[in-house]
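Structural description and commentary
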Amino acid sequence: MRVTVQGDKVIRLQGDPDHPTTNGALCTKVSRYAERTEHAERVLRPLKRVGPKGRGEFVEVSWDEALDAIAARLGEIAARAPEAIVPYSYAGTMGMVQGEGMAARFFNRLGASRLDRTICSSAGGDALAATYGAKVGMHVEHFAESRLIIIWGSNSIASNLHFWPIALAAKRAGGTLVCIDPRRTETAEKCHHHLALTPGSDGALALALMHELIVNDWLDHDYLARHVDGWAGLRERALAWTPERAGAECGLAPGQIRELARLYGTTKPAAIRLNYGMQRVRGGGNATRLIALLPCLTGAWRHRAGGLLLSSGGWFAAFRNQKLGHPELLAGRTPRIVNMSTIGDDLLRETGETMPDGRAFGPRIEALVVYNSNPVAVAPDSRQVVAGFSRDDLFTVVLEHFLTDTADHADYVLPATTQLEHWDVHASYGHTSLVINEPALTPRGESRSNAAIFRALAQRMGFDEPCFSDDDLSLARQAVVDAVPFEQLRSVGWFQLPLPEAPFADGGFPTPSGRVQCDAPGIGLPDYLPPYESVRSAPELARRFPLAMISPPARNFLNSTFVNVKSLRAIEQEPVLEIEAADAASRGIADGDEVRVFNDRGEYRCVARVSARARAGVVHGLGVWWRKYGVDGTNVNELTHQRLTDLGRAPSFYDCLVEVERAA
Ligand SMILES: Nc1nc2c(c(=O)[nH]1)N[C@H]1C(S)=C(S)[C@@H](COP(=O)(O)OP(=O)(O)OC[C@H]3O[C@@H](n4cnc5c(=O)[nH]c(N)nc54)[C@H](O)[C@@H]3O)O[C@H]1N2
Ligand SMILES: Nc1nc2c(c(=O)[nH]1)N[C@H]1C(S)=C(S)[C@@H](COP(=O)(O)OP(=O)(O)OC[C@H]3O[C@@H](n4cnc5c(=O)[nH]c(N)nc54)[C@H](O)[C@@H]3O)O[C@H]1N2
Ligand SMILES: [Mo]
């Protein structure tokens with residue numbers, strides 16, 4: 001992003017035309033970043049709660065008053081039970097400085113609970129690690145040379161915009177695009193083929209593709225022999241998955257599966273752009289493992305335009321300072337780990353309670369420090385989450401730009417800077433360059449960067465280790481290893497990681513053996529795991545709640561960020577549920593009707609959009625709206641549950657049965 005400033009005002013904000021992947025393009029929402037930063041409702045001074053939790057009634061206080069009160073309360077808890085304090089952070093910014101830089105030092109020193117950051121990508125991430133050894137894959141630019149691209153569980157045009165021009169280049173050069181997605185997205189309708197499978201059935205589809213690769217002998221036997229472990233066992237398993245059997249599971253015609261297998265088995269180079277949409281279900285980890293094995297069976301990795309990309313995040317591991325958060329401050333302690341995806345249940349647990357996995361919970365959560373996240377809107381099973389955040393005896397501090405649903409529940413809200421006002425260094429999960437974020441504006445009002453806030457808190461708590469006096473620019477320098485020339489990073493804006501062109505053309509996967517693992521240590525062979533909630537896997541439940549609901553992002557919001565930016569909300573208009581014509585008609589629902597979407601966990605009112613984007617039996621509650629903008633003060637997570645995925649301990653947002661009726 002290039003920002004032109006005159007007199008501390010943004011006069012121009014545009015993409016950087018020289019950046020190799022993004023090529024000067026910004027998505028609609030980020031192009032409004034100045035509007036968001038100068039928003040009239042921005043929190044500009046520390047706030048202290050005066051009304052009941054959830055109401056958002058605050059008075060302004062000085063920084064001194066807020067910091068003293070917070071340090072006193074955290075200090076008192078830490079003296080008894082430091083693990084009763086829980087940090088909660090995720091995607092607001094994923095920068096190394098304003099993410100887990102100074103914050104990690106602070107919580108390590110405190111001995112607070114550690115947070116398992118699972119809410120987005122850990123099912124797929126752990127699956128890649130089990131298969132390839134790390135979260136690594138193709139260079140995104142090389143997809144332009146692919147003859148076949150399978151866009152799998154991803155709506156590139158909406159949520160991975162910079163990939164789309166690359167896919168279009170492949171299409172223009174005569175390549176074929178296939179989309180695998182229950183929803184007929186803007187991306188799906190621009191591909192040559194669209195397979196609208198039912199949510200959570202991807203593992204069955206992958207097994208049937210393997211079946212076809214085997215029976216038609218579209219395998220690269222040499223690549224398999226030299227670079228893949230455990231294939232014999234998986235081969236057996238795949239042979240049981242005829243296209244007929246998988247078709248019944250996926251809601252696809254067997255012929256569609258055969259045709260896709262033929263394309264994949266006979267087109268070279270063939271590339272898969274997998275994305276995280278398909279792993280937000282019970283079997284998401286296993287499905288990712290199965291899909292990640294496909295290019296190993298066909299030897300697609302031999303070519304730089306063949307293989308798979310889910311995340312490039314693992315490539316950065318060698319270039320970032322893994323000790324930025326000073327783990328030695330833990331001083332031998334190993335605080336308990338709290339999973340961010342079950343925060344609803346966990347906030348309501350008593351000291352020592354036995355968890356579903358048999359572990360003792362440890363101390364009841366007494367304090368939460370939230371930064372870079374809006375859990376009351378984005379975490380699953382909102383009723384529990386809201387009940388937890390509403391506890392009178394919970395001390396909650398929220399570092400924010402706005403009075404989000406979460407900030408409304410805070411005891412103190414601390415005004416944070418935006419990306420335009422602070423330093424940061426970013427890795428990526430789509431491309432392979434490190435990016436610097438220089439401040440363009442002075443901090444608005446009395447806002448401070450997350451790092452500055454944790455620095456000030458550390459000082460009040462009497463933490464006198466030298467690392468607590470590092471300023472933000474020093475943190476930025478420390479965030480990367482010496483092999484990254486920091487001054488060049490500053491002058492150019494990014495640093496392209498030096499990586500091989502076709503990383504696995506001759507094997508060399510980052511597993512201990514260097515070989516791909518079908519059969520991963522401790523977890524065995526991958527298999528298809530049906531969803532917790534689907535018509536086929538839970539017929540009793542489906543009698544009452546027959547529709548599968550997925551809740552992928554609305555194009556003009558970033559999770560729950562930007563929902564309060566007027567010009568973007570004007571495009572999205574209102575919370576909607578997309579529903580197929582016959583599913584709507586049989587319920588007496590017309591386009592534009594207000595509907596009640598419900599299950600045993602809760603209900604959510606929104607407007608029905610009768611739409612060809614939806615297939616029979618599947619509805620789409622596009623997210624993630626702020627609850628307070630909802631018709632009845634709820635959002636789609638009122639309906640989702642806290643059961644975790646097979647790998648990665650992640651939420652299964654898209655594994656959710658509901659019923660819909662016209663609102664009275
Ligand atoms: N505009 C916009 N862009 C974003 C975001 C945003 O909120 N808004 N969020 C960012 C973040 S944090 C992330 S993690 C990524 C997420 O981006 P993606 O990884 O692409 O994931 P989703 O957007 O969740 O889902 C992508 C597609 O998967 C489909 N899908 C749902 N269930 C299934 C399934 O069971 N199988 C298959 N095959 N497909 C399924 C959905 O219909 C959707 O079209 O996007 C990032 N980009
Ligand atoms: N139903 C359903 N739920 C979902 C999803 C879904 O697809 N469906 N997607 C899931 C996914 S993929 C993800 S990643 C999570 C994301 O969930 P979150 O990590 O909570 O991300 P956001 O909702 O974008 O909220 C981030 C907040 O951080 C704030 N923020 C931004 N920059 C800064 C900063 O520098 N400092 C501070 N202090 N605050 C800042 C923003 O104002 C915003 O309120 O949501 C998940 N929830
Ligand atoms: Mo995410």
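Residues numbered from 1 in each chain as written. Chains lettered and ligands numbered in written order. Predicted model: local features only at pLDDT ≥ 70, side-chain atom pairs only at ≥ 80, totals over all residues. Heavy atoms only, no water.

1. What about the site of ligand 2?
Surrounding ligand 2, one finds 30 residues, the nearest of these being Arg-36, Asn-374, Glu-400, Ser-560 and Thr-561. The separation between a nitrogen atom of ligand 2 and a polar side-chain atom of Ser-551 is 2.9 Å. Separating an oxygen atom of ligand 2 from a side-chain N or O atom of Ser-560 is a distance of 2.5 Å. Considered on its own, ligand 2 offers 920 Å² of accessible surface; in the complex 97% of this is hidden by protein. Of the residues that constitute the shell around ligand 2, the class distribution is 12 nonpolar, 15 polar and three charged. Mapped onto the domain boundaries, the shell around ligand 2 takes at least three residues apiece from domain 2 (42-117 + 348-496) and domain 4 (539-662). (Near = heavy atom within 4 Å. Polar contact = N/O pair within 3.5 Å; in protein donor to acceptor, adjacent residues only side chain to side chain. Areas by Shrake-Rupley, 256 points an atom, 1.4 Å probe, with all protein chains shown as cover. Nonpolar A, V, L, I, M, F, W, Y, C, P; charged D, E, K, R; others polar. Domains from an automatic or database assignment.)

2. Looking at the domain arrangement of the protein chain
Interfaces are often sized by the accessible area lost when the parts come together. Each domain of the protein chain was delimited in the assignment, giving domain 1 (1-38), domain 2 (42-117 + 348-496), domain 3 (123-310) and domain 4 (539-662). When each unit is reduced to the centre of its C-alpha atoms, the spacing between domain 1 and domain 2 is 25 Å. Of the residues lining the interface, 17 residues belong to domain 1; the matching set on domain 2 comes to 15 residues. Counting each side, the surface lost to burial between domain 1 and domain 2 is near 1300 Å², with a carbon and sulfur contribution of 60%. Broken down residue by residue, the surface that domain 1 buries against domain 2 is led by Asp-8, Arg-36 and Thr-37, which jointly contribute 39%. Remark: the boundary between domain 1 and domain 2 carries two salt bridges. For the salt bridge of Arg-444 with Asp-8, the shortest nitrogen-to-oxygen distance reads 2.8 Å. Linking domain 1 to domain 2 there are seven residue pairs in polar contact (both at pLDDT 80 or more). Residue composition of the side of domain 1 that touches domain 2, by class: eight nonpolar, three polar and six charged. (Contact = heavy atoms within 4.5 Å. Buried area = accessible area lost by both parts, 1.4 Å probe. Salt bridge = Lys/Arg side-chain N within 4 Å of Asp/Glu carboxyl O.)

3. A few points about empty space enclosed by the protein
The full count for this structure, using the stated rule, is one cavity of 30 Å³ or more. If you add up the space inside the largest cavity, you get close to 50 Å³. Looking at the largest cavity, the residues that line it are Gly-200, Ser-201, Asp-202, Gly-203, Met-278, Val-281, Gly-283, Asn-286, Ala-287, Asp-527, Tyr-528 and Leu-529. Contributing elements (two or more residues each) for the lining of the largest cavity: helix H7 (202-215) and helix H12 (284-298). Residue composition of the lining of the largest cavity, grouped by class: five nonpolar, five polar and two charged. (1 Å grid on protein atoms, 1.4 Å probe; cavity = no way out; pocket = protein on both sides within 12 Å on 5 of 7 lines; lining within 4 Å. Points joined across faces, edges and corners; volume = space filled by probe spheres on them. Helix = DSSP H or I, 4+ residues; strand = E, 2+ residues; numbered from the N terminus.)

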